[in-house]
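Chain and residue survey
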Amino acid sequence: MTTDQALARIKMGDPRSAADLLHECVLAAVTTGGRVPAIRLRRARTELRPWRRENFVAELDDHLMDVLGT
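Residues numbered from 1 in each chain as written. Predicted model: local features only at pLDDT ≥ 70, side-chain atom pairs only at ≥ 80, totals over all residues. Heavy atoms only, no water.

1. Details of helix α2 (residues 15-32)
Condition: Helix numbering and strand numbering both begin at the N terminus, where a helix is a DSSP run of H or I of at least 4 residues and a strand a DSSP run of E of at least 2. Here the expected span of a helix is defined as 1.5 Å times the quantity of residues minus one. Throughout this description, buried means an accessible area under 20% of the type-specific maximum (1.4 Å probe, protein chains only), exposed means over 50%, and partly exposed covers the range between. In this description, contact between two residues means that some pair of their heavy atoms is separated by no more than 4.5 Å.
Here α2 spans 25 Å end to end across 18 residues, near enough to the 26 Å set by a 1.5 Å rise per residue. Of the residues making up α2, those classed as buried are Pro 15, Ser 17, Ala 18, Ala 19, Leu 21, Leu 22, Cys 25, Val 26 and Ala 29. In this structure, the buried side of α2 is in contact with α1 (2-11), α3 (35-47) and α4 (55-67).

Structure (structure tokens):
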């Protein structure tokens, strides 16, 4: 899933593109309604914690709240 790609990008030092990928994951989690995608998404979001003050993370958080209520 795209969350794995996002996690890899975070580890490679590219959190902005990881956040972009995670927006796609939000849509996939909503579409499938599965618990596993939501768990993986939450894990990836946790990895973005060092950048929590960045706009791209705030936008991802807003998207998560709007769509998943998490």
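2. Observations concerning the packing of α1 against α2
Stated formally: Each axis is a line fitted through C-alpha atoms, taken for helices only over the stretch in contact, and angles between the N-to-C directions span 0 to 180 degrees. Here the word oblique covers every angle except those under 35 degrees (roughly parallel), over 145 (roughly antiparallel) and from 65 to 115 (roughly perpendicular). Each crossing gets its handedness from the near helix: less than a right angle anticlockwise from the far helix is left-handed, clockwise is right-handed. Any residue outside Ala, Val, Leu, Ile, Met, Phe, Trp, Tyr, Cys, Pro, Asp, Glu, Lys and Arg is labelled polar, Gly included; the first ten of those are nonpolar and the last four are charged.
Where α1 contacts α2, the axes come no closer than 8 Å and their chain directions differ by 170°. It follows from the interaxial angle that α1 and α2 lie roughly antiparallel. In this structure, α1 meets α2 at a crossing whose hand is left-handed. Where α1 abuts α2, its residues Thr 2, Thr 3, Gln 5, Ala 6, Arg 9 and Ile 10 lie against Pro 15, Ser 17, Ala 18, Leu 21, Leu 22, Glu 24 and Cys 25. Split by residue class, the contact of α1 with α2 holds 7 nonpolar, 4 polar and 2 charged.

3. Thoughts on the environment of Glu 54
Structurally, the position occupied by Glu 54 is in the loop between α3 and α4. Sequence-wise, Glu 54 and Leu 68 are 14 residues apart; in three dimensions their C-alpha atoms are separated by 21 Å.

4. Here we look at the packing of α2 against α4
At a closest axis distance of 9 Å, the pairing of α2 and α4 adopts a crossing angle of 5°. The orientation of α2 relative to α4 falls into the category roughly parallel. Here Pro 15, Arg 16, Ala 19, Leu 22, His 23, Val 26, Leu 27 and Val 30 of α2 come into contact with α4, specifically with Phe 56, Glu 59, Leu 60, His 63, Leu 64 and Val 67. Its residues assigned to classes, the contact of α2 with α4 comprises 10 nonpolar, 2 polar and 2 charged.

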